[in-house]
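Secondary and tertiary structure notes
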Amino acid sequence: MGYDSMWEPGEPGVPADLRPEIPHPARMYDYYLGGKDNFPSDRAAAERALAANPEFRSTARANRAFLTRAVRSVAAAGIDQFLDIGTGIPTAGNTHQIAQAVDPGARVVYVDNDPIVLAHARALMGGTAVGRTTVIQADLREPEKLLDATEAEKLLDFDRPVGLVLAAVLHFVPDHQRPYDAVRTLLDVLAPGSHLVLSHGTADFIPAAVRDRVTGVYDRATAPLVGRTREEVGAFLDGLEVLDPGVVTVPLWRPEGTPEAGADRVSMYGAVARKA
């Protein structure tokens, strides 16, 4: 059941900060993936973005597949605790499912600032066979508060390596909100041996007119869309050991089969890096 069939704007019981009349990137992403947990405003905005760039849907799916391969690889390297920030609406192949398939005892902390994401994620975590999984409300743009909330609940042991997951979230943080500083603050706390799983949208392969139409859609949502270049995405990894094959479009990060034609021009970069 989609949330629009449960709640209507202004209806009693709707959280005051839900703002269902304003498109939200997490709910738009859910729509790209074929989910139903979105409002009419999200679907309308997503359709405008798809009209400008029909590859949005395939890019979202390619990013989800990258997340699966990357988290599996990090878990196989021995990381048994994960901090997933900006997780989005839960769907098949969540971080806890991937990590706990490798290590059933893996601990996963999800962080998001959207009330729909939180409500839906907590409902998912209320089931069985989800291992040690927690959902908290915090904001990537306030990394100190995020870390304080995590430490206060004793959710992760920062004296041991952590898998930090920043999948398709940093492109919603414009430069004036200091995304590089936020990532550095998070990495500075993590123990040596920690891994960063990163994916980030790019306009490197998109004509300027298409880029402007897409960013115009997100400018009217709760967060803008900032497509960064390969070099700008790589700057998030400064000081880390970037694992092979480096910063590449997400279908080309350790693919499990032969990548489809055009895989090198998908508008999302991905990488995994290790803190020495």
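About the thresholds
Residues numbered from 1 in each chain as written. Predicted model: local features only at pLDDT ≥ 70, side-chain atom pairs only at ≥ 80, totals over all residues. Heavy atoms only, no water. Helix = DSSP H or I, 4+ residues; strand = E, 2+ residues; numbered from the N terminus. Contact = heavy atoms within 4.5 Å. Areas by Shrake-Rupley, 256 points an atom, 1.4 Å probe, with all protein chains shown as cover. Buried < 20%, exposed > 50% of the residue type's maximum accessible area, 1.4 Å probe, protein only. Arc of directions from axis to C-beta. Salt bridge = Lys/Arg side-chain N within 4 Å of Asp/Glu carboxyl O. pLDDT = per-residue confidence, 0-100. Core = buried A, V, L, I, M, F, W, Y, C linked by side-chain atoms within 4.5 Å. Phe/Tyr/Trp six-rings, centres within 6.5 Å; stacked < 30°, edge-to-face > 60°. Axes fitted to C-alpha atoms, helices over the stretch in contact; angles between N-to-C directions. Left-handed = near helix turned anticlockwise from the far one by under 90°. Nonpolar A, V, L, I, M, F, W, Y, C, P; charged D, E, K, R; others polar. Parallel < 35°, antiparallel > 145°, perpendicular 65-115°, else oblique. Pairing = 2+ DSSP bridges.

Before going further, it helps to examine the overall build of the protein chain. A count of helices and strands for the protein chain gives nine helices and eight strands. Within the protein chain, residue pairs in contact and separated by at least 24 positions form 75% of the contacts whose partners lie at least 6 positions apart. Of the roughly 12100 Å² of accessible surface on the protein chain, 52% is carried by carbon and sulfur atoms.

Right, let's get into helix H7 (residues 179-189). Pro-179, Ala-182, Val-183, Leu-186 and Leu-187 are the residues of H7 that are buried. Down the axis of H7, the smallest arc covering the buried residues is 130°, so these residues share one side.

Looking now at helix H1 (residues 25-32). The buried count for H1 comes to eight of eight residues, which makes it a mostly enclosed element. Residues of H1 that are buried: Pro-25, Ala-26, Arg-27, Met-28, Tyr-29, Asp-30, Tyr-31 and Tyr-32. Within two residues after H1, Gly-34 carries a phi angle of roughly 90°, on the positive side.

What follows covers the pattern of salt bridges. For the structure shown, the criterion picks out eight salt bridges. The partner of Arg-141 in a salt bridge is Asp-139, and the shortest N-O contact between them spans 2.6 Å. Classification of Arg-141 by relative accessible area gives partly exposed; the value is 37%.

Turning to the confidence of the model for the protein chain, a few remarks are in order. Put simply, the protein chain has an average pLDDT of 87, and 89% of its residues get 70 or more. Here residues 1-16 is modelled with pLDDT under 50, and outside its nearest four sequence neighbours on either side it reaches 24 contacts, counting other chains as well.

In terms of nonpolar packing, the biggest core is built from 32 residues, with Leu-83, Ile-85, Leu-164 and Leu-166 touching the most fellow members. Those elements that provide at least two residues to this core are strand S1 (81-85), strand S2 (107-112), helix H6 (143-152), strand S4 (163-167), H7, strand S5 (195-201) and strand S8 (268-274). If we skip the residues at most four places from it in the chain, Leu-166 touches Ile-85, Leu-140, Val-183, Leu-196, Val-197, Leu-198 and Ser-199.

What follows concerns the side chain of Thr-87. In this structure, Thr-87 sits in the loop between S1 and helix H4 (95-102). Residue Thr-87 is classed as buried on the basis of its relative accessible area, which comes to 16%. Excluding residues that lie within four positions of it along the chain, Thr-87 makes contacts with Tyr-110, Val-111, Asp-112 and Val-117.

Scanning the entire structure with this criterion turns up six aromatic pairs. Judged by centre distance (5.3 Å) and plane angle (40°), the rings of Tyr-32 and Phe-56 are tilted. Highlighted residues: Tyr-32 in helix H1 and Phe-56 in helix H3 (residues 56-76), separated in sequence by 24 residues. Classification of Phe-56 as buried rests on a relative accessible area of 16%.

At a closest axis distance of 9 Å, the pairing of H3 and H4 adopts a crossing angle of 40°. Note on packing geometry: the crossing formed by H3 with H4 is right-handed. Taking contact as the criterion, the partners of Leu-67, Thr-68, Val-71, Arg-72, Ala-75 and Ala-76 in H3 are, on H4, Thr-95, Ile-98, Ala-99 and Val-102. Of the residues contributing to the contact of H3 with H4, the split by class is seven nonpolar, two polar and one charged.

At their nearest, the axes of helix H2 (residues 40-52) and helix H8 (residues 208-219) sit 9 Å apart, and the two run at 175° to each other. The angle between the axes of H2 and H8 places the two elements in the roughly antiparallel class. Here H2 contributes Ala-45, Arg-48, Ala-49, Ala-51 and Ala-52 to the contact with H8, which in turn contributes Val-210, Arg-213, Val-214, Val-217 and Tyr-218. Across the contact of H2 with H8, the residue classes break down as eight nonpolar, no polar and two charged.

Glancing now at the pairing of S5. In terms of residue burial, S5 counts as a mostly covered element, since seven of its seven residues are buried. Of the two faces of S5, the one carrying His-195, Val-197, Ser-199 and Gly-201 and the one carrying Leu-196, Leu-198 and His-200 are both buried. Bridge analysis of S4 against S5 gives five bridges, and the strand direction is parallel. Paired with Ala-167 across the two strands is Ser-199, which belongs to S5.

Attention now moves to unusual backbone geometry. Of the consecutive residues Asp-244 and Pro-245, the connecting peptide bond is found in the cis state with omega at 10°. Turning to its location among the elements, Pro-245 is positioned in the loop between strand S6 (241-242) and strand S7 (248-249). One non-glycine residue, Arg-178, lies in positive phi territory at about 60°. By secondary structure assignment, the location of Arg-178 is in the loop between S4 and H7. We classify Arg-178 as exposed; its relative accessible area is 54%. Although it is not a glycine, Arg-254 sits at a positive phi angle of roughly 45°. Along the chain, the position of Arg-254 falls in the loop between S7 and S8.

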